[in-house]
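These are the residues of each chain, in order.
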Amino acid sequence: MANLEAKTYMSPLQLGIVVIGTCVGAQVMLSPRALITALEQAAWLSIIIGGVIFYSATYLMLTLGRQYPEETLVEYAPRLFGRLGGTVVVVWFNLLFFLQLIIIFSGVGKIITFYMFDRTPPEVVIMALLIVCTYCALQDWGTILRVQQILFFMAYGMLTMIWMTSILNFQPENMLPLWPIKIKTVINGGFLTWPFYSGYECVLLLLPLVYRKASFAKLAKIMGGAFGCMTLFFLMIIIIIIGVLTVENAKSVPYPVLIVIRSVELPGTFIERLENYLLLAWIPVVFGTLSTTMFYMGQVCMRQYRYADHRPWVLVLVPIIYMGSILLLDDQQVYDTVSKCALWTGLGFSFGVVPLSLMLSWWHKRKAVARCG
Amino acid sequence: MISGVILICLAILTAGCWDRRELQERNFVLAVGIDMADVYNPIETFTQPHGSKRYRLSLQILNLGTGGDGKDKSNTYVLSNTGESFFEMVRDMLGQSSKSLWFEHVQVIIISEAVLRQTGLGELLDFFKRDSEMRSRMHVYVTSGEARPLLEYIPPNKEPGGIYLSNIIDLHAKNIHVAGKRTDLASIIRYLDNDSNLVVSRIEMAGKVVKLGGLAIFKKDRFMGYVDEDTVAGIKYMFASEKSAIVTIPCPDHVDHQVIFELFRHDTRLRPHVEGDTIYFTLDINMYGNIGEFQGDTALDNTMDPRYVHKLENAFADEIRRTVLYSDRILQKEMKVDILNLFAAKLKAYEPNTWEKVKDQWDEIYPDIPLVISVNVWIQNIGSHK
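All residue numbers refer to position in the chain's written sequence, counted from 1. The order in which chains are written sets their letters, starting at A; the order in which ligands are written sets their numbers, starting at 1. Restriction of local features to residues with pLDDT of at least 70 applies here, the model being predicted, together with a cutoff of 80 or more for giving and counting side-chain atom pairs; totals for whole chains, interfaces and linings are based on all residues.

**A short note on the overall build of chain B**
Elements are defined by DSSP. Helices are runs of H or I of four residues or more, strands are runs of E of two residues or more, and each kind is numbered from the N terminus. Across its full length, chain B holds 12 helices and 13 strands. On the principal axes, the C-alpha backbone points of chain B span a range of 85 × 60 × 60 Å. Every one of the 386 residues in chain B was classed for burial, and the buried ones make up 37%. Here contacts are defined at the residue level, using C-beta atoms placed from the backbone and a cut-off of 7 Å between them. In chain B, the proportion of contacts linking residues at least 24 apart, taken out of those at least 6 apart, comes to 71%. Here a residue counts as buried when 20 or more other C-beta atoms sit within 10 Å of its C-beta, as exposed when there are 12 or fewer, and as partly exposed otherwise, the C-beta atoms being derived from the backbone.

What follows is the structure in structure tokens.
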């Protein structure tokens, strides 16, 4: 009997939803402090610049994928870089997902333990989340896609709605001066927003599913829309944090988003301690990011080692992801170092490997044409 | 089959009620009092390997048992302990409690002046800002006397004391003598993080009367002294934090009579101006409201006469200007404290380049910065009856 959940095609709009689902996740809770510490008052501007920068990177990936509409990066990387070079690129690509996964699992474990279940060890929280995510990642793409679509409309809507209540404490003057004095720092800061946008790299795996029926122009337009939505969402997070807490206050708290929402009092209602409600809405969002990222890792391994099924690889990766996450739990220095590694791995991949691959593919094609000619 | 068994085992191990805390197993702390530990009962304290018996921490706990039906019975009781670390004292207090102490419902923290004369506010609030159980919106008060008697106070309506004390300040919008908008824990922590000067509401108790009024002023986190209700009114005008206000003036035509204005709406703007090396601020206040009361011989009440009403508008504007100038003199010239960094924040927001130049000398510059005040009052109604 045919596997009804196996998916051979998806629309550009679905790809846009998947990219949003992969990118917007745990980092909205984990990353704002580091960004505000580095860029202070101008953090909001860097979010916009980051949106443009990482959309450009995605555009390059779409262009690269168009050269090989029936294949993923895992298949054409060895042809571009040679066998060893191709393996390095594929490992780099998968390392990117791995680093993101362990950072998110570890961060989520810490947050949930601190704010919700203070007697439960974070290791147990991580294990529980990992089991649920593994179950989802073991499904075929059709199921995962449906989960992402449901989460997109339900969890993100709920998260946004709860977060918007913090506007009650917003003080516009905390945002001033709006325009930073050091423009160069802000432009460089655009690259520091990578943790927010990270996950867009998944297009290199999913493009064959889209290119079978959709045009490049339509895809580029829809991805532009997806990045626009993400930029708006992240802007909303950063602007409200600074507007409610001020830059100096946001620098002093590990998770500014939770401190912002914690101080909301809804007039005329008995509802308080909104951080718990926000966390409840955030957990499904994180689940969406983690399960798809685990699926991507399984897919990369499956294709690299020419297996027919990604599921054994997902199961093999589970203990590795768990151990990696646990290693980051107790030492903040290790966590910060791994976060930095992830940033440089991601930037290096998007602005080193991808442009180089694109140039090599053009060069290969020109060489082939010249040979035929 | 095997994977199913593993899944069930994992579900049993990882789910469940590790963090379960039954309602009947909790003691809800409603208010916290911090005093100096000048005299203490050796039974209520503990042997300290480090630090000294510096503070007395008192907790007001909700008594779920009595429900407050007795005439003089309180539905709260107070536990105390002495030591230096608040966390250590709290944990040792479990030796006096049959249930675990639960801080999620703390409404107020009352700190005695004696403690603040010796310790910075930041140091005192550190435990409360770190602990994830604490509410951000709990109110912080300063009292010139001891904090514990305020925790033992039984409100006339038999409400739990902590809730009663907290609710008083929630009416600040209608009480020009109480500044309550940015005096909760979250705001105080925010100002401390920004190295700002801050204010905390003052609460006093005399016999069976408890009253909120005036403010304790802090330079950074150091206690500087109190300001009176008139200064609070001026501060609220400057911050535009009043929603309603009562302004009283002598009647322009009969000085032994009084006319009272009730503010309904206002439009207030405080703006910095920089001309060369000179920095000054302008405060423009436009107020709209009604005549609320005429005290004196009602036969002399001319409030139906537009010329008289116009005279009143000018007199009310003068009175509001006087109040603002009074506050400004107390804060700027006498205490030399830019409270909540009001002026500094405006300069930083609207003149960032100038702020970069003067931010290190702001404390020295601030007392000499001129404030130009313009007030307009519009009386829109004389009330429902002359």
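And the narrative resumes.
**Comments concerning the overall build of chain A**
Helix and strand counts for chain A stand at 16 helices and 0 strands. Relative to a compact globule of 373 residues, whose C-alpha radius of gyration would be 21 Å, chain A shows 21 Å and is just as compact. Across its three principal axes, chain A shows a C-alpha extent of roughly 75 × 50 × 35 Å. For chain A, the proportion of contacts with a sequence separation of at least 24, taken over those separated by at least 6, is 84%. We take the radius of gyration over the C-alpha atoms and set the globule estimate at 2.2 Å times the residue count to the 0.38 power.

**Quick look at the nonpolar core**
Residues and elements named next belong to chain A. Core analysis: the biggest nonpolar cluster contains 118 residues, and V19, F105 and I241 have the highest contact counts within it. For this core, the element with the most residues is helix 5 (residues 73-115), which contributes 19 residues. Ignoring sequence-local partners within four residues, the contact set of F105 consists of I126, L129, L130, L290, I321 and S325. By convention the nonpolar core is taken to be a set of buried residues drawn from Ala, Val, Leu, Ile, Met, Phe, Trp, Tyr and Cys and joined through C-beta atoms within 7 Å.

**Structural notes on the domain arrangement of chain B**
Residue and element names in this part refer to chain B. As used throughout, domain bounds are those supplied by an automatic or database domain assignment. The domain boundaries assigned to chain B delineate domain 1 (23-227) and domain 2 (232-381). Relative to domain 2, the C-alpha centre of domain 1 lies at a distance of 33 Å. In this assembly, 21 residues from domain 1 lie in contact with 17 residues from domain 2. Contributions of two or more residues to the side of domain 1 that touches domain 2 are made by strand 7 (198-206), strand 8 (209-219) and strand 9 (222-227). It is strand 8 that contributes the most residues to the side of domain 1 that touches domain 2, 4 residues altogether. Of the residues contributing to the side of domain 1 that touches domain 2, the split by class is 11 nonpolar, 6 polar and 4 charged. Each residue gets one label: Ala, Val, Leu, Ile, Met, Phe, Trp, Tyr, Cys and Pro are nonpolar, Asp, Glu, Lys and Arg are charged, and the others, such as Gly, are polar.

**Remarks on the sheet that holds strand 11 (residues 258-275) of chain B**
Hydrogen bonding along the main chain pairs the strands of a sheet, whether they run parallel or antiparallel. Residues and elements named next belong to chain B. Between any two strands, pairing holds if DSSP finds at least two bridges. Pairing is mixed across the open sheet formed by 4 strands, whose spatial order is 10-11-12-13. Among the strands making up the open sheet, the edge pair consists of strand 10 (246-250) and strand 13 (371-381). Ignoring strand direction, the axes of neighbouring strands in this sheet form an average angle of 35 degrees. Pairing geometry for strand 11 and strand 12 (residues 278-295), over 17 bridges, is antiparallel. When the bridges of strand 12 are listed, R271 appears paired with T282. Every axis in this analysis is a line fitted to C-alpha atoms, fitted for helices over the stretch in contact. Angles between the N-to-C directions lie between 0 and 180 degrees. Packing against the sheet, helix 10 (residues 342-350) makes contact with strand 11 and strand 12, and its axis sits at approximately 50 degrees to strand 11.

**Quick word on the interface of chain A and chain B**
For an interface, size is often stated in terms of accessible area lost upon the parts coming together. Across the contact, 22 residues belong to chain A and 17 residues belong to chain B. Those elements that place two or more of their residues in the side of chain A that touches chain B are helix 5, helix 6 (122-137) and helix 12 (247-251) of chain A. Top contributing element to the side of chain A that touches chain B by residue count: helix 6 of chain A, with 4 residues. Of the residues assigned to the side of chain A that touches chain B, the class counts are 11 nonpolar, 5 polar and 6 charged.

**Structural notes on the pairing of strand 12 of chain B**
Residues and elements named next belong to chain B. The loop that links strand 11 with its antiparallel partner strand 12 comprises 2 residues; one of these, G276, has a positive phi angle of about 65 degrees. The pairing of strand 12 with strand 13 spans 10 bridges and is parallel. Each residue of the ladder has a partner; that of G289, found in strand 13, is I379.

**Things to note about the environment of B:R202**
Residue and element names in this part refer to chain B. Mapped onto the elements, R202 comes out in strand 7. Note on R202: 24 C-beta atoms within 10 Å, which makes it buried. Excluding its chain neighbours within four sequence positions, the residues that come into contact with R202 are Y141, V142, G213, G214, L215, A216 and Y226.

**Some remarks on the packing of helix 8 (residues 229-239) of chain B against helix 9 (residues 306-335) of chain B**
Residue and element names in this part refer to chain B. As a packed pair, helix 8 and helix 9 sit with axes 8 Å apart at the nearest point and diverge in direction by 105 degrees. For the element pair helix 8 / helix 9, the angle class is roughly perpendicular. Residues D230, T231, A233, G234, I235, Y237 and M238 of helix 8 touch helix 9, and the partners they reach there are I320, T323, V324, Y326, S327, D328 and I330. The residue makeup of the contact of helix 8 with helix 9, split by class, is 8 nonpolar, 4 polar and 2 charged. In this scheme, roughly parallel covers angles under 35 degrees and roughly antiparallel covers those over 145, while 65 to 115 is roughly perpendicular and the rest are oblique.

**Details of the confidence of the model for chain B**
The pLDDT value tells you how sure the predictor is about a given residue, anywhere from 0 up to 100. For chain B, mean pLDDT is 88; residues scoring 70 or higher make up 95% of the total. Ranking the helices and strands of chain B by mean pLDDT puts strand 5 (residues 108-112) of chain B first, with 96, and helix 1 (residues 2-14) of chain B last, with 71.

**Some points on helix 1 (residues 12-23) of chain A**
Residue and element names in this part refer to chain A. A rise of 1.5 Å per residue sets the reference length of helix 1, with its 12 residues, at 16 Å; its end C-alpha atoms lie 16 Å apart and thus fit the reference within 8%. Most of helix 1 is tucked away: 11 of the 12 residues are buried. Among the residues making up helix 1, those that are buried are P12, Q14, L15, G16, I17, V18, V19, I20, G21, T22 and C23. By this rule the span expected of a helix is its residue count minus one, scaled by 1.5 Å.

**Some points on the environment of B:I279**
All names here are of chain B. Within the secondary structure, I279 sits in strand 12. In sequence terms I279 and P370 are 91 residues apart; their C-alpha atoms lie 7.7 Å from each other. Once residues lying within four places of it in the same chain are set aside, the contact partners of I279 are P272, V274, L347, T354 and I369.

**A look at unusual backbone geometry**
A cis amide bond links A:L176 to the next residue, A:P177, at an omega of -5 degrees. One non-glycine residue, A:E40, lies in positive phi territory at about 50 degrees. Tracing the sequence through the fold places A:E40 in the loop between helix 3 (32-39) and helix 4 (43-67). Residue classification places A:E40 among the partly exposed residues on the basis of 18 C-beta atoms within 10 Å. With a phi angle near 50 degrees, B:N341 is a residue other than glycine that sits in the positive phi range. Along the chain, B:N341 turns up in the loop between helix 9 and helix 10.

**Remarks on the packing of helix 4 (residues 121-130) of chain B against helix 7 (residues 185-193) of chain B**
Residue and element names in this part refer to chain B. For the pair helix 4 and helix 7, interaxial distance at closest approach is 11 Å and the crossing angle is 125 degrees. Classed by the angle they form, the pair helix 4 and helix 7 counts as oblique. Where helix 4 crosses over helix 7, the two elements pack in a sense that is left-handed. Where helix 4 approaches helix 7, its residues L121, G122, L125, F128 and K129 are matched on the opposing element by L185, I188, I189 and L192. A per-class count over the contact of helix 4 with helix 7 returns 7 nonpolar, 1 polar and 1 charged. By definition, any crossing whose near helix is turned counterclockwise from its far helix by less than a right angle is left-handed, and any crossing with a clockwise turn is right-handed.

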